[in-house]
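Report on the structure
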Amino acid sequence: GIMNFRNSTASSVSVAGGIGRDADVSPVKMPHQWERNSRTLVDSARKAQSLSTQQRVNAFGTQRATDQTMFEDNKVSSSALQHTISEAELLKNKSEMQLEAILRETSMLEDEAAHAEATLEKMRDPLAVAEENLNIRRKRPPREMTRDNVERALNEQVAAAKHAIRMLTGVLEACEKELGRLKICREKLEEDIDQKRIALEVDGEALQMESGWNSSQSSPMSRRPAQVALPHMWRQRTENLCEECDRTRATCERLRAKARGIQQDAIENERETRENSLRSLARKMEETGMLRNELEHTLQTTLEELGTMEDARASVEQSMNDKMGPLALARSRLSVRTGKPNPEVVRDVAERSLEKEIGDLEHSIRRLQLELARQTADIQRLEQTRARLEADIKDKADALALEQECEALQLDLGSRMQ
């Protein structure tokens, strides 16, 4: 290809030189000769360009082929080391997954222990309230000193609170013991993961090396930890550690389930004993509270609708104002056109279009004014509804406050126990 390009170029130069010499000898040519000479020169230039393009394509092909060979060689040479790293990462990932499970279990057990401790503290509150209520009831007038259902309910509340305190104390002791075992497992896993991380860093550094070490550079082999262990012993150590962690987590999971059950029973017993003395009053408070909540929800939706209507009215006003400018422009254009000479005054398409534009804009403005009046009436109606809702809610709140004055200690306990 290169030789053909040179021969063609030489031929083109010869032809061009010949043409030049002929031009010197014969400065005057026929038109067809003049055109033929130019076309010959153009054809020669195109052939030279074609040969150059072909050579460039061949060069690019050679470049791509050598690049592909380089990439394939690098890929093949790195695959063995990458496979070794992948096998080591599997064991490291297993230890990391086990560590994450231990950390999750530790967090869940700590949360459960904290919840149990909080429940224990909460159980002291109903015990104190029930005992205080019994003391208060002992101060009743002699005629009112009877062993009624309220006193029996208060005695049951005291017994349930004492039983819950004993059970929750045992749960906290067991949680503290299992948290210690989880801490030991976590420390072993962290040590194992750190050792595997160091080994992977060494292999990764070898994989990422782009050039060899020379005598003037320090070799990283000095940083490699000395580990002498058979492969099966290395794997078995990780497997044994993971099995130990699984057993510990299973024990903690059973403990958490038992703790949840004890707490749930304590809360349910406390709630049942507390509601037994407040059943009739609680029902009335529930009905009043439901009505108040419904009114508050309706008030919220009314306020939202009122805000939406205000925005809509502002949008209509803006739309109406936006049409005033085009209307004034159309009227001005129509008025300006009347200044033409009488022979030029024609009811043409422009005249009719301007009149139609003015009519449409005036009609749109009238419609928007009507919508604005309707929205204003709706907003006033919503304002009246809002005022009535707020007045009704205030009445319900006052009635509920009066009802809550009865059995103040028990109601306050109920709000704290939620």
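Residues numbered from 1 in each chain as written. Predicted model: local features only at pLDDT ≥ 70, side-chain atom pairs only at ≥ 80, totals over all residues. Heavy atoms only, no water.

**Section: the environment of V316**
What counts here: Numbering of helices and strands runs from the N terminus, with a helix taken as a DSSP run of H or I at least four residues long and a strand as a DSSP run of E at least two residues long. Residue burial is assigned from relative accessible area. The probe radius is 1.4 Å, only protein chains are included, and a residue is buried under 20% of its type maximum, exposed over 50%, and partly exposed in between. By definition, residues are in contact when any of their heavy atoms lie within 4.5 Å.
As for its placement among the helices and strands, V316 is situated in helix α5 (residues 279-337). What makes V316 buried here is its relative accessible area of 11%. Taking C-alpha positions, V316 is 8.3 Å from Q369, a pair spaced 53 residues apart along the chain. Residues within four places of V316 in sequence aside, it is in contact with L368, L372 and Q375.

**Here we look at the confidence of the model for the chain**
Cut-off, in case you're wondering: By definition, pLDDT measures how confident the predictor is in each residue, and it falls between 0 and 100.
When the pLDDT values of the chain are averaged, the result is 77; 78% of them are 70 or greater. Mean pLDDT per element in the chain: helix α1 (residues 2-25) is the minimum at 43, and helix α4 (residues 231-276) is the maximum at 87. Residue range residues 1-25 is modelled with pLDDT below 50. Its contacts to residues more than four positions away, or to other chains, number 15 contacts.

**Side note on the side chain of E105**
Stated formally: A 3.5 Å cut-off defines polar contacts: any pair of N or O atoms within that distance qualifies, except that in protein one atom must be a possible hydrogen donor and the other a possible acceptor, and neighbouring residues in sequence count only when both atoms are side-chain atoms.
Mapped onto the fold, E105 is located in helix α2 (residues 31-137). The exposure class assigned to E105 is buried, which follows from its relative accessible area of 4%. Within the structure, E105 has its side chain in polar contact with the side chain of R256 (distance 2.7 Å). In contact with E105, other than residues within four places in its own chain, are L182, R249, C252, E253 and R256.

**Re helix α7 (residues 408-417)**
For the record, the criterion: Of all possible arcs, the one meant is that of the directions from the helix axis to the C-beta atoms.
Within the sequence span of α7, burial applies to Q410, L413, G414 and M417. Viewed along the axis of α7, the buried residues span an arc of 100°, placing them on a single side of the element.

**Some remarks on the pattern of salt bridges**
We count it as follows: For salt bridges, the criterion is a side-chain nitrogen of Lys or Arg within 4 Å of an Asp or Glu carboxyl oxygen.
A full pass over the atoms with the stated rule returns 23 salt bridges. A salt bridge links E310 to R313, with the nearest nitrogen and oxygen atoms 2.9 Å apart. Taken together, the residues E310 and R313, both in helix α5 and three residues apart, mark about one turn of the helix. The partly exposed category is assigned to E310, whose relative accessible area is 31%. Three or more residues are tied together by salt bridges with common partners; here these are D125, D412 and R416.

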